[in-house]
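The lines below spell out each chain.
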Amino acid sequence: MLQVNVLRQKTEWVKERLAVKNFKQPELVDEIIALDDERKRLQAEFDATQAKINASSKQIGKLMATGNKEEAEQLKADVTNWKASLEPIKKRAAETEKKLEDTLVLLPNLPSEKVPKGVSAEDNEVVRTTEKPTLNGNVLPHWELTKKYKLIDFDLGTKITGSGFPVYTGKGAKLQRTLIQYFLDYNTAAGYKEIIPPFLVNEDSAFATGQLPDKEGQMYFVNEDKFYLIPTSEVPLTNIYRDTILKVEELPVKMTAYSPCFRREAGSYGKDVRGLNRLHQFEKVEIVQVVEADKSYAALEEMLNHVERLLQSLKLPYRILRLCGGDMSFTSALTYDFEVYSAAQERWLEVSSVSNFESYQSNRLKCRYKDESGKNQLVHTLNGSSLALPRIMAALLENNQTENGINLPEVLWKYFGDEVID
RNA sequence: GGUGAGGUGGAUGAGUGGCUGAAAUCAGUAGUUUGCUAAACUGCCGUACGGGUAACUCUGUACCGAGGGUUCGAAUCCCUCCCUCACCGCCA
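Residues numbered from 1 in each chain as written. Chains lettered and ligands numbered in written order. Predicted model: local features only at pLDDT ≥ 70, side-chain atom pairs only at ≥ 80, totals over all residues. Heavy atoms only, no water.

Q: Would you explain the environment of His-380 in this entry?
A: If you trace the backbone, His-380 turns up in strand β16 (residues 380-388). A residue is classified by how much of its surface remains accessible, and His-380, at 11% relative accessible area, is buried. Along the chain, His-380 and Ser-296 lie 84 residues apart, while their C-alpha atoms are 6.2 Å from each other. Those residues in contact with His-380 that sit more than four places away from it in its chain are Gln-289, Val-290, Val-291, Glu-292, Ala-293, Ser-296, Asn-356, Glu-358 and Ser-359. Of note is the side chain of His-380, whose polar atom sits 3.2 Å from the backbone oxygen of Ala-293. (Helix = DSSP H or I, 4+ residues; strand = E, 2+ residues; numbered from the N terminus. Buried < 20%, exposed > 50% of the residue type's maximum accessible area, 1.4 Å probe, protein only. Contact = heavy atoms within 4.5 Å. Polar contact = N/O pair within 3.5 Å; in protein donor to acceptor, adjacent residues only side chain to side chain.)

So this is what it looks like as structure tokens:
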């Protein structure tokens, strides 16, 4: 969440930035500042009275020790009165603080200066794009190919669980494992530390990375234990650093993890969800960085190049989008999406989203580092997919299909143990 | 799931209801001494939100797992919850 001090110091600028994200209630900024004023006023009042109470209580102790009972009793009465007068202040302070918090979490992160204006995916800016390949002959979409080569059984998944929970079989399962292995190796070679996190998280964690309260309906929830199934390993990975103060030499933190991801995707339908295009359970390899505040945009650039080279190594056609204000996530300051071209479906499929959250997450995480002057500063957090599996698999199958089988890119041969799926 | 023991600052670990935001030790850090290393000695060494200041300094409040309660006063007493450890049960 945003820092009240920033709202206070750069009020007009904050409102301009919020407008880029199509945020419709700029008046909340003023409300928050007013609530914060009220909070300060109440706290000052509370502190002053509490100080009197503390001092008098000590005094009572001394009076008792010297046997000065009468004076002690008199003071006790005073303290009791002060305490009573404290009650309404306490109550109002708690209410104000709650209201402040509740309002503050309604504000999305501020988009960086690079973010284009816009309201929907149409307005995203294409940063780079490779050429779209054209396939000749009788090309099949991946949901036909997975049937033909017995790689994935969607109906079986529906029987066991429901739609959106595919069953990978035989070489389909192996290809999936191959990709995970390759992605993890690629990430660790670039200095990302491999992690296997929990796949369920508690409410504090879901709040700290911004899934709550914004995306509550998107996550599966285990009511018995109050756990959320992770929608991405970003959540447990970033929460490793919740409530921590790092030394500057510990930065940057670079982590990678494979995990299944669970998303309810309520309201999705049609060809968007056909085959592997959108699932309730999918696999993803994620990268996360925790960095010093003034280094986060360099880190974002580095992550962008990292993911781009990975896609190039898979020989997939791709494009990079800079998301416009309206299409960005609530918590992001700048997001680049990677899309691969799916030649049989003739459409772009999102396979990675790389974002800088600046201090929006770390302010909730309370993750700070000591700078040179010994002051605690909020870190900046970033994450990206490297990469999401299902759509990569869809594009690999579709783009590389031939009459005699599917040709895998060379980087996967040693992992898969074969060059072709037939 | 059952029974028992616990949860104190970066770590270890004291703490009789007022003199404890918290002993001591270790780690860390700055300095003194020293031919180097080491050792010794000295200082510093939690976080958040406020007030005051040009700034260093100063100052108020809160926090000893979390939340309530008793009390003039709670790390210390009571209740609830969470977590850790040990043993038992169950089990990949």
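Further notes follow.
Q: Even after reading the chapter, I still don't get the pattern of salt bridges, so can you show me in this structure?
A: Pairing between side chains of opposite charge can happen when the charged atoms of each approach one another. In the structure shown here, the tally under the stated rule is 19 salt bridges. The residue Arg-8 makes a salt bridge to Asp-36 at a minimum N-O spacing of 2.7 Å. Separated by 28 residues along the polypeptide, Arg-8 in helix α1 (residues 4-9) and Asp-36 in helix α3 (residues 27-65) bring together distant segments of the chain. When its relative accessible area of 26% is taken as the criterion, Arg-8 is described as partly exposed. Among the ionic pairs, Lys-171 bridges to Asp-422, the shortest N-O distance being 3.9 Å. (Salt bridge = Lys/Arg side-chain N within 4 Å of Asp/Glu carboxyl O.)

Q: Can you help me understand the packing of helix α7 (residues 171-189) against helix α10 (residues 296-313) in this one?
A: Contact geometry for α7 and α10: axes closest at 11 Å, N-to-C directions at 140°. Put simply, α7 runs oblique to α10. Where α7 crosses over α10, the two elements pack in a sense that is right-handed. Of α10, the residues touching α7 (which contributes Tyr-182, Phe-183, Tyr-186 and Asn-187) are His-306, Arg-309, Leu-310 and Ser-313. Across the contact of α7 with α10, the residue classes break down as four nonpolar, three polar and one charged. (Axes fitted to C-alpha atoms, helices over the stretch in contact; angles between N-to-C directions. Parallel < 35°, antiparallel > 145°, perpendicular 65-115°, else oblique. Left-handed = near helix turned anticlockwise from the far one by under 90°. Nonpolar A, V, L, I, M, F, W, Y, C, P; charged D, E, K, R; others polar.)

Q: Where do I start with the UniProt feature "binding site: L-serine" (unreviewed entry) in chain A in this structure?
A: Cross-referencing UniProt, the feature "binding site: L-serine" (unreviewed entry) maps to Thr-232, Arg-263, Glu-286 and Asn-383 in the present numbering. Mapped onto the elements, Thr-232 comes out in the loop between β7 (227-229) and α9 (234-239). Setting aside residues no more than four positions away along its own chain, Thr-232 makes contact with Cys-261, Arg-263, Lys-284 and Glu-286. The residue Arg-263 is located in the loop between β9 (253-262) and β10 (281-291) in this model. (UniProt positions renumbered as here; feature names shortened; annotations may be inferred.)

Q: What's the story with the sheet that holds strand β15 (residues 376-378) in this structure? I'm lost.
A: What holds strands together in a sheet is hydrogen bonding between their backbones, with the strands either parallel or antiparallel. One open sheet holds the three strands; their spatial order is β8-β14-β15, and the pairing between them is mixed. Across the chains shown, the open sheet's two edge strands, defined by having one partner strand only, are β8 (244-247) and β15. Between one strand and the next, the sheet's axes are offset by a mean angle of 40°, whatever the strand orientation. Inspection of the sheet shows β8 paired to strand β14 (residues 367-370) by four bridges, in the parallel sense. Along β14, the bridge assignment pairs Ile-245 with Arg-368. (Pairing = 2+ DSSP bridges.)

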